[in-house]
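Commentary on secondary and tertiary structure
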Amino acid sequence: MKAIVVTDQAAGTAGMKLVDRPEPQAAINDVVVQVYASRFVPTELEWPSTWTDRLDRDRTPSIPGHELAGVVTALGYGTTGLSVGQRVFGLADWYRDGTLAEYVAIEARNLAPLPGDVDFTTGASLPVSGLTAWQGLFQHGRLQAGQSVLAHGAAGAVGSMVTQLAREAGAYVIGSGRSADRQTVLDFGANEFVDLDNDALEDVGKVDLVFDVIGGEIQKRSVKLIQGGGTLVTIVGPAEARPSDGLAVDFVVESDRSQLSEIVQRVRDGRLRANIGNVSTLDEAVAALNPTGRRKGSTIIRVRP
């Protein structure tokens, strides 16, 4: 099968290569999925799991990409809940070969059914951004209707999901970004926009929850805006700053079938819109994942036409 592999951490995405690899086999509780669409998160190449296994042994050449939509082609021993020929989408294990390939072996529990009226490109764009937003807002941030949320990077894949899900939950959402992001952020449902290049972040006032995808100085300034009992939720590693009277939570997204089903149902009925930018083929993936300009939305690799 065709697959993208990485062997040199220092080379970054420029070190990606399209090669032929053996098709994977389904282990116990696995399925094999023929990948129709995949998404790659650029920070994957900074993750230890891309380069080593759980015992810290080198596992290169490894196949990156952990989000997929496709069709089940084989079941491993003991696998239940899915069937051959079923359309699925989900999030692959960080330590296993990923989804920038024609086939992937993946634990069945990491997949959810993909309804027939949701296309594969949309399905592949949802797992990381949708689950990250869902878990950050509702599990870790304990968001309630009537609360206020400051969503950083609100024009991005995660931030746009945070904005939409928070608005649907009855929150008042202030989205941040660069000047050029203003209309995009408002179109995704933010009540207000903060231009981090030109506006005073402190003018936002007090909020109940900050969803941080930036870290650094922006995070440190943002925690001062969190009112008593509020929460900082961050996905960029351990919090560098903490609210004086509240919680700071950093987390790594986890696959969850029921949450994936909630997310895709919202897409089906129009409550949630995927944030998709460039769509490319597997043959052109290396170039697509090394853009010369700024990325807008998720880059999706269509593995099968």
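As shown above, the structure is provided for reference.
One structure accompanies this document, and this report is about it. For clarity, every value in this text was computed on a predicted model and none was experimentally measured.

Conventions and cut-offs
- Residues numbered from 1 in each chain as written.
- Predicted model: local features only at pLDDT ≥ 70, side-chain atom pairs only at ≥ 80, totals over all residues.
- Heavy atoms only, no water.
- Axes fitted to C-alpha atoms, helices over the stretch in contact; angles between N-to-C directions.
- Helix = DSSP H or I, 4+ residues; strand = E, 2+ residues; numbered from the N terminus.
- Parallel < 35°, antiparallel > 145°, perpendicular 65-115°, else oblique.
- Contact = heavy atoms within 4.5 Å.
- Nonpolar A, V, L, I, M, F, W, Y, C, P; charged D, E, K, R; others polar.
- Expected span 1.5 Å × (residues − 1).
- Buried < 20%, exposed > 50% of the residue type's maximum accessible area, 1.4 Å probe, protein only.
- Core = buried A, V, L, I, M, F, W, Y, C linked by side-chain atoms within 4.5 Å.
- Salt bridge = Lys/Arg side-chain N within 4 Å of Asp/Glu carboxyl O.
- Pairing = 2+ DSSP bridges.
- Polar contact = N/O pair within 3.5 Å; in protein donor to acceptor, adjacent residues only side chain to side chain.

Two elements in contact, helix α3 (residues 127-140) and helix α7 (residues 257-268), have axes separated by 10 Å at closest approach and are oriented at 105°. Relative to α7, α3 is oriented roughly perpendicular. Taking contact as the criterion, the partners of P127, G130, L131, W134, Q135 and Q139 in α3 are, on α7, Q259, L260, E262, I263 and R266. Its residues assigned to classes, the contact of α3 with α7 comprises five nonpolar, four polar and two charged.

A word on helix α4 (residues 157-168). A rise of 1.5 Å per residue sets the reference length of α4, with its twelve residues, at 16 Å; its end C-alpha atoms lie 17 Å apart and thus fit the reference within 8%. Within the sequence span of α4, burial applies to A157, V158, G159, S160, M161, V162, T163, Q164, L165 and A166. Just downstream of α4 lies G170, where phi reads positive at about 95°.

Our next topic: the nonpolar core. F89, L126, L137, V149 and V162 are the most contacted members of the largest nonpolar core, which totals 45 residues. Dropping the residues within four chain positions of it, V162 is found in contact with A133, L137, V149, A151 and F211. Counting residues in each nonpolar core, the second largest holds 32 residues, with V33, V72, L289 and V303 among its members.

The next point concerns the pattern of salt bridges. A full pass over the atoms with the stated rule returns 15 salt bridges. In this structure, D30 and R96 form a salt bridge, with 2.7 Å as the shortest nitrogen-oxygen distance. Taken together, the positions of D30 in strand β3 (residues 30-39) and R96 in the loop between β5 (87-91) and β6 (103-107) put the pair 66 residues apart, joining distant regions of the chain. What makes D30 buried here is its relative accessible area of 1%.

On to unusual backbone geometry, then. Omega for the peptide link from T60 to P61 comes to 0°, which places this bond in the cis form. Mapped onto the secondary structure, P61 falls in the loop between α1 (48-51) and β4 (67-75). Even without being a glycine, D56 presents a positive backbone phi close to 70°. Relative to the helices and strands, D56 is located in the loop between α1 and β4. Non-glycine residue R142 carries a positive phi angle of around 50°. Mapped onto the elements, R142 comes out in the loop between α3 and β8 (148-151). Overall, the relative accessible area of 42% leaves R142 in the partly exposed class.

For the rest of this paragraph, the subject is the environment of A74. Topologically, A74 is positioned in strand β4. Here the alpha-carbon distance between A74 and A26, two residues 48 residues apart in the chain, equals 7.0 Å. The residues contacting A74, other than those within four sequence positions of it, are V31, V32 and V84.

This next bit is on the sheet that holds strand β13 (residues 246-250). Pairing is parallel across the open sheet formed by six strands, whose spatial order is β10-β9-β8-β11-β12-β13. The open sheet has two edge strands, β10 (192-195) and β13, and neither has a second partner. Neighbour-to-neighbour, the strand axes of the sheet open up by a mean angle of 15°, direction not taken into account. Looking at chain direction, β8 and strand β9 (residues 172-177) are connected through four bridges and run parallel. Each bridged residue has a counterpart across the sheet, and for L150 the counterpart in β9 is I174. Along the sheet, α4 makes contact with β8, β9 and β11 (207-212), crossing β8 at roughly 170°.

A few words now on the side chain of S160. Position of S160 relative to the elements: it lies in helix α4. Classification of S160 as buried rests on a relative accessible area of 0%. In this structure the side chain of S160 is engaged in a polar contact, spanning 2.7 Å, whose partner is the backbone oxygen of G156. Discounting residues that sit within four places of it in the chain, S160 has contacts with G153, A154, F188 and N275.

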